[in-house]
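Each chain is listed here by its residues.
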Amino acid sequence: MKLYRTDDETSISGTVAELQGIRNRLNSLSALNPIELNFDVNGSATPYEKLEPTLTVRLGRGPACLSLDDKLGLVLIGDKESIGVFSSFFDFENGSISGSHLHWDECLSLIHI
């Protein structure tokens, strides 16, 4: 599973089972237990700039916000509802074809922005 990044974009890729695993972990997120998702950093990041090793997800207040922390790497913080919307982007059926994907900015209603 890979987490690609540029200054203004991120992309997560993986097998259907890996993406479903992300969804399951996000859905079990609690205020007391942030989660850390680990990614493979071997290989090329092209057409992105970098492969990130981790994404830390925490519950907070308001819409989900992704930031880059010097020590933790990428950190996503948001309320339960917005993290729930984010987790839905990893809801792929077992028979999904390679290249299937969703975009955060295209799937949100104004309530989450």
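For the structure itself, look to the data block above.
Chemist: Just give me the short version of the sheet that holds strand S7 (residues 73-78), but keep the residues and values in it.
Modeler: Pairing within the open sheet is mixed, and its four strands lie in the order S3-S5-S7-S6. Looking at strand neighbours, the two that pair on one side only are strand S3 (35-38) and strand S6 (65-69), the edges of this open sheet. The sheet shows a mean angle of 25 degrees between the axes of neighbouring strands, taken without regard to direction. Sheet topology note: the S6/S7 ladder contains five bridges and is antiparallel. Each bridged residue has a counterpart across the sheet, and for Leu68 the counterpart in S7 is Leu74.

Chemist: Can you lay out the packing of helix H1 (residues 16-27) against helix H2 (residues 80-88) for me, pointing to particular residues and giving the numbers?
Modeler: Taken N-terminus to C-terminus, the directions of H1 and H2 make an angle of 170 degrees; their axes are 9 Å apart at the nearest point. Relative to H2, the element H1 lies roughly antiparallel. Contact with H1, carried on its side by Arg23, Leu26 and Asn27, involves Lys80, Ile83, Phe86 and Ser87 of H2 and no other residues of that element. Residues of the contact of H1 with H2, tallied by class, amount to three nonpolar, two polar and two charged.

Conventions adopted
- The residue numbering used here restarts from 1 in each chain and proceeds along that chain's sequence as written.
- Totals for whole chains, interfaces and linings use every residue, but because this is a predicted model, local features are given only for residues with pLDDT of at least 70 and side-chain atom pairs only at 80 or more, for both listing and counting.
- Side-chain numbers here rest on the full set of heavy atoms in the structure, without hydrogens or water.
- Each pair of strands is called paired provided DSSP finds at least two bridges between the two strands.
- Runs of E in the DSSP output that reach at least two residues are strands. Runs of H or I that reach at least four are helices, and both are numbered from the N terminus.
- All axes are obtained by fitting lines to C-alpha atoms, using only the stretch in contact for helices, and the reported angles, taken between N-to-C directions, cover 0 to 180 degrees.
- In what follows, roughly perpendicular refers to angles from 65 to 115 degrees, roughly parallel to angles under 35, roughly antiparallel to angles over 145, and oblique to any angle outside these ranges.
- By the convention used here, residues are in contact when the closest approach between their heavy atoms is within 4.5 Å.
- Under the convention adopted here, Pro, Cys and the residues Ala, Val, Leu, Ile, Met, Phe, Trp and Tyr are nonpolar, Asp, Glu, Lys and Arg are charged, and Gly plus all remaining residues are polar.

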